[in-house]
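Examination of the molecular architecture
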Amino acid sequence: MSSPTVSMVEDWLDQNPEAFQDYFLKKADLALVNRWLVQHGFHNLQEYISGRLGSVSNEGSTPSSPIISESGNFDFKHSRSNSKKHLRHDFARSKMRNMFRTYEPSTSPDSGVDARRSSLKEMRQFRSLPPNSVNMLSMLIQSRVRLPRYPSKDIDSKRELRFTNEKEFFLEIVKDISNDLDLRSLSTKIVANLCVLVDADKASIFMIEGKNTTKPTLVSKIFDVHAGSDMLPSLTGDGSIRMPWGKGIIGFVAETGETVNLDGNACKDPRYSEEIIGYQAEDLLCMPIKNADDEIIGVAQVLNKTGCSRGFDSEDEKLLATYLTFCGIGIHNAQIFDAYSKEYDRNKALLEVVHDVFEEQTSLESVILKIMQRAQTLLKCERCSVLLRDESQASAFNKVFDLAYPAKNGHTNMNPDNCMDLQMGNKIAELVLITEETINIADAQADPRFDPETDKALGFHTKSILCKPIRNSDLKTIGVAQIVNRIDGQPFDEHDEDLFEAFSIFCGLGIHNSWLYEEVSMAAAKQAVALETLSYHASVSSDEINAIKCKQVPEASVWKLHRFDFNDFSLHGDEMILAGIRMFKDLGLIRKFRIDYEVLIRWLLTVKKNYRNVAYHNWRHAFNVCQIMFASMNNCNTRQYFNDKEILALIVACLCHDLDHRGTNNAFQQKSSSPLAQLYGTKATLEHHHFNHAIMILNSDGHNIFSNFSSEDYSEVINLLKQAILATDLSLHIQLREKFFSLVDAGIKICDDRESKEIYRSIIMTTCDIAAITKPWDIQRRAADLVVTEFFDQGDKEKNELKLQPMACMDREKQDEIAKLQMSWIDGICLPLYKKLAKMDTNFEPMLKGVLANRDRWEILDAERLAKQAVLETGV
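Below or above, wherever it landed, is the structure these notes cover. Small disclaimer: the values here were computed from a predicted structure and weren't measured.

1. Focus on the environment of alanine 863
- Within the secondary structure, alanine 863 sits in helix α33 (residues 845-874).
- Classification of alanine 863 by relative accessible area gives partly exposed; the value is 44%.
- Considered as a pair, alanine 863 and lysine 820 are 43 residues apart in the sequence and their alpha carbons are 9.2 Å apart.

So, in C-alpha cells, the structure goes:
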C-alpha cells in the first residue's frame, strides 16, 4: 500500500476536524502555539501576559506572576534578575494607562445608574445654593477628576500572606500603592508595607522638596519613627515633618544616594543621634528612593529587625530595593498629581479673583479686601497688605490696607489701627515703590533693609517678606502689595512669587477699575448737574408761553406759507412760532394726536432757543425747511404718500434737523477730533447729535408733544424722526438718490411698498433742506451769502487751528469763485434731484424752474468774473 501524500492528509483532516483538534491539543507545544499566533497577526503569549500584568492591579485580581522560559514553559519562580531601572520603566509604562483617568472604571450594569445619581447629586447641590454668579462659577470650575481606589489589606493579613505566598504578597503591596495619588495616604501605606516586607519594628519615609533650589529639605507626610539626625525635626502647619538637608543618616543618603546598613551598632555611627526618647535603634537600613529617570526623590528607613535573626542582611536589601523601585514610581506620580492639583487650585483661585475684580467695582475697599483674602488663603501667609501710592510724593503712601491672620472665629481681621504704622514705617514697601522691583526676604531680622521698629509698632514678629509693585494698565506703579510670614514657617519660594505676581496684577486691575468707576460716577454726577442747569437755561419761561398764547395765529395765506416762493426772511421773532403753530393746525396734527396747545408752544420756543447764533444753520433755516415741507404737503402729492404719523415726524424733523449746529460740518468734527466725533463717530456725526438733542427736549418736563401716544406709536414715530433727521446727511443722500432715480424712471409709485416710502421720506427731507436754491434770486443770493459766511468761518478755523488747507468753497482767498462753485453745487446735487421730482410729480416744477433761473444768474456772475480776469491779464 502506497504512503499517503500531503494533500490526502489535508483532505482527511478537513473531513475530520474533531480528530485534528484532539491531535493538536495532545501534541502541540507552546512554541508551536506562539508561531501560530505570530503568523496570524497576534502577540505571542509572553507579550500578552506582560501586557496583562500592567493592568491587573486596576482590575482587582491577584494572579501570580508567570514568566515564560526560553523553552516555552511557564515558570512561577520569583525572579530578581531584571535591573531596577528596567523594573521602574516597565512599571511606569503600565501605570500610564490609568494614571490620569478622570473616572472610576466599572463593568457593573449599575455604572450608568451611579453616574446619573452623581450628576443628580451635583445638580441638587447647585440648586441648593443661592443663584448668584459666585456659586455658578464655583460649580463650573469644580474638578471632575475622580481618583481610583484600591482597597488596602490590614497589616495582619499582609503578614500572613507573606508567609503563605511571597509572590502574591509582593504583588499585593505593589497594587496597594499603584493607584494612590495622595502623598500622605501613600506614605502611610509604604511605611506599613516596609515594616512587613523586611520584618522591621519601625519605618519612616522622607520626600525631597526644593532639590533644585539653594535650600532643599526632607519632608515626611507621615511620621512613624526616624533616627540618625543630629537635630530635631520641625513640624509644619500641615503636620508634616521637615529635616534639614545633609544632616544625619537620612540627609547623607539623600545627598549621596548611597545605601546605609548598620547592623547592631547603629548608635555608634558618627552620623547617628538618638532623637526619640525611650527608643533604641540597634539595626538601621536606609535607602534612596528613585523615580523612572534614576533621580533621588526620597529616602526610606527601616529600624530594628524583628524575629530570630539579627540585623538586615543582603536579602533584605534586595527586597527593599526592589519594592522601593515601585514606590519611586508611585511617589513620582503622586507628586505630579499633587503639583497639578495645586496648579488647579491656584487657577481656580485666580478665576475667583477675576470674578471678584469684575463683580465688585463700586468700592475700592471691597475690591482690595476680597483680593487680599484670596491671596492670604491661597498663599497661606500670616499678613497681607496693600499700600497705595501718594501721587503728590514720590515714595509715600496715602492709603494702606492691612489684613491680619484669620482670627479664632475663622473670620479675617482688617485692622485699621495698624494702617498708619505700616504707612509710616514700612521701609521695604517704600524701597519697592522706588525701585519698582520685587523683594523676597527669607530672614527679615537678618536683612539690613528691614526696620525692626515696624514690628514693635505693630506688635508683630516678621520672619519672611514678599513685596511686589502693583501696576496699572499703563505699567505705572500705583502701589505695593506685601505678604508676610508663611504659616508653615518656610520662606516664600518661586511658586509663591509667581502666584503673588498674578494677584498683584489683578489687584492693579481692580484698583484701576474702581478708580475708573469713581471717575465715571463723578462725571455722570457732573453731567446730571450740567444737564439740569442747561435744561433750566435752555427752556422758556411761562411769560414767553403766555405771550404767544394771547396772540392770534394768522391764516397760512396771510404769510404765504403754502407757496414755494415764500420769502425766507419775511418773518421775525414770534411770527415764526405762530407760523409753526399754523402749520401744525392746518395739517390736522394738533387735533389728530391731541397735542396740548401750551406744550406745543413751549416745545416750539425751546427748539428755537436751542439753535445757536450761527450765520446760516440757525432757527430761521430750520423754520424755512419746515415751510417748504408744508408747501409740498399742500401743493404736491406728498401728503397722500404718507400717513399722519409720518407727516408729524417729517414736520418735527424739519424743525429739529439742525439743533445745536456749531457752524461747522461733519468733516471738521472728524479733522478736529471734537467731542461730538468721539461721542458719535465719524458717520453722520452732527445728524446724530441733532436727533439726540431733539430727544432731550422731548424728554424735558412739559415738552413732550408725543405724550398721548401709545408705547408702540411712540416708538414708531421716534424711529421715523431719527430716520428723517439722519437723511439730511448729504453723504447718505448721494447713496439713496440713485435708488430714487431708478424708481422714478421705472414709474413705480411711492406708496407701493415700504422701502420706496422710506426712500422718498429721505429724499423729501433733502429736497426741503437745500430748497433755498429754488427761491427767487434776491432770496437765494442772500441765503447763499450766509452759507458762504459760515463756510469761510470754518475755513479760517481749519487754517489757524488745525493748520490745514480748506476746500475751495471754504477758502476766503477764493471768494471770487463763489459763482463757479454755486454752479457746481447746482449741477452736481440740486438740478438732478429737482428734475426727477418734477418728473415724478409735475407740481414740483416751480422748484425746478427756480433752480434753473438761479443757475442762469450764477452763470452770468461767473462770466463777469472771467471777463474781469481777462481784462486784468491782458491789461486792456
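So that's the structure; there's more coming.
2. A few points about the nonpolar core
- Judged by nonpolar contacts, the single largest core of 103 residues is most densely connected at Leu561, Phe584, Trp603, Leu648 and Tyr834.
- Ranked by residues supplied to this core, first place goes to helix α32 (residues 818-840) with 11 residues.
- If we ignore the near neighbours within four places in the chain, the residues touching tyrosine 834 are Thr767, Ile770, Ala771, Ile773, Thr774, Met847, Leu848 and Val851.

3. Some words on the packing of aromatic side chains
- If you walk through the whole model with that rule in mind, you get 14 aromatic pairs.
- An angle of 90 degrees between the planes, with centres 5.4 Å apart, marks the rings of tyrosine 641 and tyrosine 760 as edge-to-face. One end of the pair, tyrosine 641, is in helix α23 (residues 638-641); the other, tyrosine 760, is in helix α30 (residues 754-769), with 119 residues separating them in the sequence.
- Overall, tyrosine 641 belongs to the buried group, its relative accessible area being 10%.
- Aromatic pair phenylalanine 706 and phenylalanine 709: ring centres 5.4 Å apart, planes at 40 degrees, arrangement tilted.
- Residue class for phenylalanine 706 comes out buried when judged on its relative accessible area of 1%.
- Here phenylalanine 709 falls in the buried class, since its relative accessible area comes to 14%.
- Connected via pairs of aromatic rings, a cluster forms that spans Tyr641, Phe642, Phe740, Phe741 and Tyr760.
- Between the NZ or CZ atom of arginine 383 and the centre of the ring of phenylalanine 460, over which it lies, the distance is 4.8 Å.

4. A word on helix α24 (residues 644-656)
- With 13 residues, α24 should cover 18 Å at 1.5 Å per step; its first-to-last C-alpha distance of 18 Å lies within 8% of that length.
- Counting buried residues in α24 gives 12 out of 13 residues, a clear majority hidden from the surface.
- Looking only at α24, the buried set comprises Lys645, Glu646, Ile647, Leu648, Ala649, Leu650, Ile651, Val652, Ala653, Cys654, Leu655 and Cys656.
- Measuring from the backbone nitrogen of lysine 645 back to the side-chain oxygen at the start of α24 gives 3.2 Å, which picks out asparagine 643 as the cap.

5. So, the state of the cysteines
- All chains considered together, the criterion is met by zero disulfides.
- Free of any disulfide, cysteine 384 has its nearest cysteine sulfur in cysteine 381, 5.4 Å distant.
- Cysteine cysteine 768 shares no disulfide, and the gap to the nearest cysteine sulfur, in cysteine 654, comes to 5.2 Å.

6. What about unusual backbone geometry?
- Phi angles above zero are rare outside glycine, and arginine 594 is one such case at about 50 degrees.
- Looking at the element boundaries, arginine 594 is found in the loop between α20 (589-592) and α21 (597-609).
- Unlike most non-glycine residues, lysine 803 shows phi in positive territory, near 55 degrees.
- Lysine 803 gets classed as exposed once you look at its relative accessible area, which sits at 65%.

7. Considering the environment of valine 851
- Among the secondary structure elements, valine 851 is positioned in helix α33.
- On the basis of relative accessibility, which here comes to 0%, the residue valine 851 falls in the buried class.
- Once the C-alpha coordinates of valine 851 and leucine 831 are considered, the two residues, 20 residues apart in sequence, prove to be 6.7 Å apart.
- Apart from residues no more than four positions distant in its own chain, valine 851 is found in contact with Ile773, Thr774, Ile826, Cys830, Leu831 and Tyr834.

8. Details of the side chain of aspartate 390
- Mapped onto the fold, aspartate 390 is located in the loop between β10 (381-389) and β11 (397-404).
- It turns out aspartate 390 is buried and unbridged, and the closest side chain with the opposite charge, arginine 389, is 8.3 Å from it.
- When residues no more than four places from it in sequence are discounted, the contact partners of aspartate 390 are Ala396, Phe397 and Asn398.

9. A look at a nonpolar patch on the surface
- Side chains of Phe20, Phe24, Leu25 and Leu32 sit close together on the surface and give an oily, nonpolar patch of about 390 Å² of accessible area.
- For the nonpolar patch, the element with the most residues is helix α2 (residues 17-27), which contributes three residues.
- With respect to the helices and strands, leucine 32 occurs in helix α3 (residues 30-39).

10. Quick word on the pattern of salt bridges
- For the structure on display, the rule yields 36 salt bridges.
- Of the charged contacts in the structure, one is a salt bridge between arginine 761 and glutamate 646, with a shortest N-O distance of 2.5 Å. Separated by 115 residues along the polypeptide, arginine 761 in helix α30 and glutamate 646 in helix α24 bring together distant segments of the chain.
- When its relative accessible area of 9% is taken as the criterion, arginine 761 is described as buried.
- For arginine 737, the salt bridge goes to glutamate 738, with nearest N and O atoms at 4.0 Å.
- With a relative accessible area of 14%, arginine 737 lands in the buried category.

Parameters and conventions
Residues numbered from 1 in each chain as written. Predicted model: local features only at pLDDT ≥ 70, side-chain atom pairs only at ≥ 80, totals over all residues. Heavy atoms only, no water. Helix = DSSP H or I, 4+ residues; strand = E, 2+ residues; numbered from the N terminus. Buried < 20%, exposed > 50% of the residue type's maximum accessible area, 1.4 Å probe, protein only. Core = buried A, V, L, I, M, F, W, Y, C linked by side-chain atoms within 4.5 Å. Contact = heavy atoms within 4.5 Å. Phe/Tyr/Trp six-rings, centres within 6.5 Å; stacked < 30°, edge-to-face > 60°. Lys NZ or Arg CZ within 6 Å of the ring centre and 35° of its normal. Expected span 1.5 Å × (residues − 1). Polar contact = N/O pair within 3.5 Å; in protein donor to acceptor, adjacent residues only side chain to side chain. Disulfide = S-S within 2.5 Å. Lys, Arg positive; Asp, Glu negative; His and termini not counted. Salt bridge = Lys/Arg side-chain N within 4 Å of Asp/Glu carboxyl O. Patch = residues over 30% accessible without salt bridge, like charges linked within 9 Å, V, L, I, M, F, W, Y side chains within 5 Å. Areas by Shrake-Rupley, 256 points an atom, 1.4 Å probe, with all protein chains shown as cover.

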